[in-house]
Amino acid sequence: RTIRGMVPHKTARGAAALDRLKCFEGIPHPFDRKKRMVILAALKVLRLKPERKFCRLGDLSSLFGWKHQELIGRLEAQRKVKSEAFHKKKVSSTRAKSAAVKKVKVSAEDQKILENAGFA
């Protein structure tokens, strides 16, 4: 409803944009495995002047009757634990792979083939 006020929903273009819009509470299953990125242009520190007041959508929603803030917080904490374990596993496997690559001895003949293919 909030976004509908920001979009020209009475035009065909605005109605199509609202049809494409998806909103989720938290991070749903297919997207929780994807790499997340920080959009610098959207950071609060860069966008707002220090003296300006602001509010968070979750806080505002809970004031108006949204009852799932604690559930989303608990699920987010679980997701962060899983994400940290995944990151540690990925870093250790990357280190092991780089150590294995350093240990490998390549003959001069194979080195020439690799250089011709553009891998060395």
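Below is a summary of the structure that appears in this document. Please read all numbers here as calculations on a predicted model, not as lab measurements. (Residues numbered from 1 in each chain as written. Predicted model: local features only at pLDDT ≥ 70, side-chain atom pairs only at ≥ 80, totals over all residues. Heavy atoms only, no water.)

### Quick notes on the pattern of salt bridges
For clarity, the cut-off: Any carboxyl oxygen of Asp or Glu within 4 Å of a side-chain nitrogen of Lys or Arg constitutes a salt bridge here. Helical segments are the DSSP runs of H or I of at least four residues, strand segments are the runs of E of at least two, and each set is numbered from the N terminus. Note on classification: 1.4 Å probe, protein chains only; a residue is buried when its accessible area is under 20% of the maximum for its type, exposed when over 50%, partly exposed between these limits.
For the structure shown, the criterion picks out two salt bridges. For Glu 76, the salt bridge identified is with Arg 79, shortest N-O distance 2.4 Å. Highlighted residues: Glu 76 and Arg 79, both in helix α5 (residues 69-103), separated by three residues, approximately one helical turn. Its relative accessible area of 23% is what places Glu 76 among the partly exposed residues. Two residues, Glu 84 and Lys 88, come together in a salt bridge whose shortest N-O distance is 3.7 Å. One end of the pair, Glu 84, and the other, Lys 88, are both in helix α5, four residues apart, so they sit about a helical turn from each other.

### Brief notes about the environment of Thr 2
You can see Thr 2 is positioned in the segment before α1 (12-20). Look at Thr 2 and you get exposed, because its relative accessible area is 60%. Spatially, the C-alpha atoms of Thr 2 and Phe 119 are 53 Å apart, while their sequence positions differ by 117 residues.

### Observations concerning the side chain of Arg 79
In plain terms, the rule: Throughout this description, a polar contact denotes any pair of N or O atoms lying within 3.5 Å of each other; where both atoms belong to protein, one of them has to be capable of donating a hydrogen while the other can accept it, and for residues adjacent in sequence the pair is counted only when both atoms sit in side chains. Contacts: residue pairs with any heavy atoms within 4.5 Å of one another.
When its relative accessible area of 17% is taken as the criterion, Arg 79 is described as buried. At 2.4 Å, the side chain of Arg 79 forms a polar contact with the side chain of Glu 76. Excluding residues that lie within four positions of it along the chain, Arg 79 makes contacts with Ile 27, Asp 32 and Arg 36.

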